[in-house]
Amino acid sequence: MKIIVDLNKCSDHGECVAAAPEVFSLNNRGELSFRSVASDTFVSPDLDESLRNDLLDAVDNCPMQAIDLEG
Ligand code: SF4
């Protein structure tokens, strides 16, 4: 299971951080931390199945529909 985040859609408001803090975080500039490792699209490594419910909440709560869950 992976998440794919469209960083061009993301508006850095952090609803995903509240839903799945194990995976999402904001950096000290208030930006989604994945921006430091990807410029357009972030693809995560394989994530533990125990995170699925939190990740589904992040997908549902993202106001920009920037997060996809694959697998
Ligand atoms: S909830 Fe969506 S728009 Fe907000 S920071 Fe997370 S990925 Fe970006």
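In the block above lies the structure referred to throughout.
The text that follows walks through the structure, step by step, so that each part is easy to find. In this text the structure is predicted, and so the values were computed from the model without any measurement.

Brief notes about the side chain of Ser44
Link 1 in the chain: Counting through the fold element by element, Ser44 comes out in the loop between strand S2 (41–43) and helix H2 (52–61).
Link 2 in the chain: In contact with Ser44, other than residues within four places in its own chain, are Lys2 and Ile3.

Here's the deal with the sheet that holds strand S3 (residues 67–70)
Link 1 in the chain: Here three strands make up an open sheet; going across it, the order is S2-S1-S3 and the pairing antiparallel. Edge positions in the open sheet fall to S2 and S3, since each of these has one partner strand only. The sheet shows a mean angle of 15° between the axes of neighbouring strands, direction not considered.
Link 2 in the chain: Across three bridges, the pairing between strand S1 (residues 2–6) and S2 is antiparallel. The residue of S2 that forms the bridge with Asp6 is Thr41.
Link 3 in the chain: H2 rests against S1 and S3 of the sheet, and its axis sits at about 145° to S3.

Notes on the packing of aromatic side chains
Link 1 in the chain: Taken as a whole, this structure holds two aromatic pairs when the rule is applied.
Link 2 in the chain: Judged by centre distance (5.6 Å) and plane angle (55°), the rings of Phe24 and Phe34 are tilted. With Phe24 in the loop between helix H1 (15–19) and S2 and Phe34 in the loop between H1 and S2, this pair connects stretches of sequence that are 10 residues apart.
Link 3 in the chain: Since its relative accessible area comes to 8%, Phe34 is described here as buried.
Link 4 in the chain: Note on Phe34 and Phe42: the rings are 3.8 Å apart at their centroids and 5° apart in plane angle, and the pair reads as stacked.
Link 5 in the chain: Through a chain of ring-to-ring contacts, the aromatic side chains of Phe24, Phe34 and Phe42 assemble into a single cluster.

Rules used in this analysis
Numbering of residues starts from 1 in each chain and follows the order in which that chain's sequence is written. Only residues with pLDDT of 70 or above have their local features reported here, since the model is predicted, and side-chain atom pairs are shown and tallied only from 80 upward, although totals for entire chains, interfaces and linings are computed over all residues. Side-chain metrics in this entry use all non-hydrogen atoms of the structure; hydrogen atoms and water are not considered. Strands are runs of DSSP state E lasting at least 2 residues, helices are runs of H or I lasting at least 4, and numbering of each runs from the N terminus. We call two residues in contact when some of their heavy atoms are within 4.5 Å. Two strands form a pair only when DSSP identifies at least two bridges running between them. All axes here are fitted lines through C-alpha atoms, helices being fitted over the stretch that makes contact, and every angle between N-to-C directions spans 0 to 180 degrees. Pairs were defined over the aromatic rings of Phe, Tyr and Trp, the Trp ring being its six-membered one, requiring ring centres within 6.5 Å. Orientation was assigned from the angle between planes: stacked under 30 degrees, edge-to-face over 60, tilted for the rest. Burial here depends on accessible area, computed with a 1.4 Å probe over protein chains only, as a share of the maximum for the residue type. Under 20% is buried, over 50% is exposed, and the range in between is partly exposed.

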